[in-house]
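Spelled out, the chains give:
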Amino acid sequence: MLETRNLKMKYGKKIILDDISLSFGEKMTTVILGKNGSGKTTLLRCLAGAIRKYEGEIILNGQNIRFYDDKQRARLLSLMPQLLPRPAISVKRLLEMGRYPYSDDLGRINSKDQEIAAKALRECELEGINDKLVCHLSGGQRQLAYFGMAISQDSEIIMMDEPSSALDANRKKAFCQYLHQLKEKGKTIILSMHDINEALKIAEMIVVIDEGRIIFQGKVEELVATAIIKELFGLERKSYFEDGKECYFYL
């Protein structure tokens, strides 16, 4: 279980997160929506331990996240950032680096770790760029490679910041399939997204943040029943029926 209690964070005098109290459902997909600059990325970085100067508490499995060391935290929780590094290492090596939380005191991984990384490589259909340097990948290839690294890390909670922003239509479809596989493995998934229609298809729970404050937390159908998307994003709701079920999209 991951939750925040009265989380506050600021840069100088500017408040970025203002009294954020959230509880993320276990083995569920939660999507965080908000305009650029709303605080989505900062929230994820706080949850991941990348930002430590904040007020309030972040509780992971009943314990304050500050009491975990880096390896303990990484076994429980991972973050795929929005701005992905471009190291001069192979895709294969990148996925093996996802096994760092399980390495020995010298940072070495064993044959089992290598097998897990290789399996993640196959699951994400990255064999064709196995030996290619990450710094030479396209934006979409790099996102899939880092997604493979997150799968290789095999943490209980997987967080991703705008994970499909550089993917074309076919790769977005594959990405949704990968997320479904993670759910079937019992993972808790937390995503920040800007594509509202994509978010509504993926999410079981939605959190909407505006100017660092939560303005909505609930199920997709509960959000659709409000005027929040129209008022915050200026989009109109449209509906259609598929297999006898009413579906929604926004334009």
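In this report, the structure presented in the accompanying data block is examined. (Residues numbered from 1 in each chain as written. Predicted model: local features only at pLDDT ≥ 70, side-chain atom pairs only at ≥ 80, totals over all residues. Heavy atoms only, no water.)

Details of the state of the cysteines
Formally: The disulfide criterion is simple: two cysteine sulfur atoms within 2.5 Å. For every residue, the accessible area (1.4 Å probe, protein chains only) is compared with the maximum for its type, and the residue is labelled buried under 20%, exposed over 50%, or partly exposed between those bounds.
Tallied over the full model, the rule gives zero disulfides. As a non-bridged cysteine, C135 has C124 as the owner of its nearest cysteine sulfur, 20 Å distant. On the basis of relative accessible area, C135 is assigned to the partly exposed category, the value being 26%.

Here's the deal with empty space enclosed by the protein
Unfilled space is identified by rolling a water-sized probe across the atoms. Quick reminder of the rule: Here a cavity denotes grid points, spaced 1 Å and computed from the protein atoms alone, that fit a 1.4 Å probe unable to get out, and a pocket denotes an open set having protein on both sides within 12 Å along at least 5 of 7 lines; residues with an atom within 4 Å of a point are the lining. Grid points are joined across faces, edges and corners, and a volume is the space filled by probe spheres set on the points. Basically, the charged four are Asp, Glu, Lys and Arg, the nonpolar ten are Ala, Val, Leu, Ile, Met, Phe, Trp, Tyr, Cys and Pro, and anything else, Gly included, counts as polar.
By the definition in use, this model includes one cavity of 30 Å³ or more. As for the largest cavity, its lining consists of C46, G49, I51, R52, Y54, I65, R66 and R73. Here the residues of the lining of the largest cavity sort into four nonpolar, one polar and three charged.

Focus on the packing of helix α4 (residues 111-123) against helix α5 (residues 139-153)
For any two helices packed against each other, the geometry comes down to the angle between their axes and how far apart the axes lie. So the rule is basically this: Interaxial angles span 0 to 180 degrees and are taken between N-to-C directions of axes, which are lines fitted to C-alpha atoms, for helices over the stretch in contact. Runs of E in the DSSP output that reach at least two residues are strands. Runs of H or I that reach at least four are helices, and both are numbered from the N terminus. Here roughly perpendicular refers to angles of 65 to 115 degrees, roughly parallel to angles under 35, roughly antiparallel to angles over 145, and oblique to all remaining angles. We call a crossing left-handed when the near helix sits turned anticlockwise from the far one by less than a right angle, and right-handed when that turn is clockwise. Whether two residues are in contact is decided by their heavy atoms: any pair within 4.5 Å suffices.
Packing of α4 against α5 leaves a shortest axis separation of 9 Å and a crossing angle of 140°. Our classification of the angle between α4 and α5 gives oblique. Relative to α5, the crossing made by α4 is right-handed. Facing I116, A117, A120 and E123 of α4, the residues of α5 in contact are G148, I151 and S152. Grouping the amino acids of the contact of α4 with α5 by side-chain chemistry returns four nonpolar, two polar and one charged.

Here we look at the packing of aromatic side chains
Which entries qualify depends on this criterion: Aromatic pairs are defined between Phe, Tyr and Trp rings, using the six-membered ring for Trp, whenever the two ring centres lie within 6.5 Å; interplanar angles under 30 degrees are classed as stacked, those over 60 as edge-to-face, and all others as tilted.
Summed over all chains, the structure comprises three aromatic pairs. Ring geometry for F147 versus F175: centroids 5.3 Å apart, planes at 65°, classification edge-to-face. Placement of F147 in helix α5 and of F175 in helix α6 (residues 169-184) is noted, with a sequence separation of 28 residues between them. Taking relative accessible area as the criterion, F147 reaches 1% and is therefore assigned buried. Assessed through its relative accessible area of 1%, F175 is described here as buried. Measuring from centroid to centroid gives 5.9 Å for Y240 and F249, while their planes differ by 50°, and the two rings are tilted. Assessed through its relative accessible area of 31%, Y240 is described here as partly exposed.

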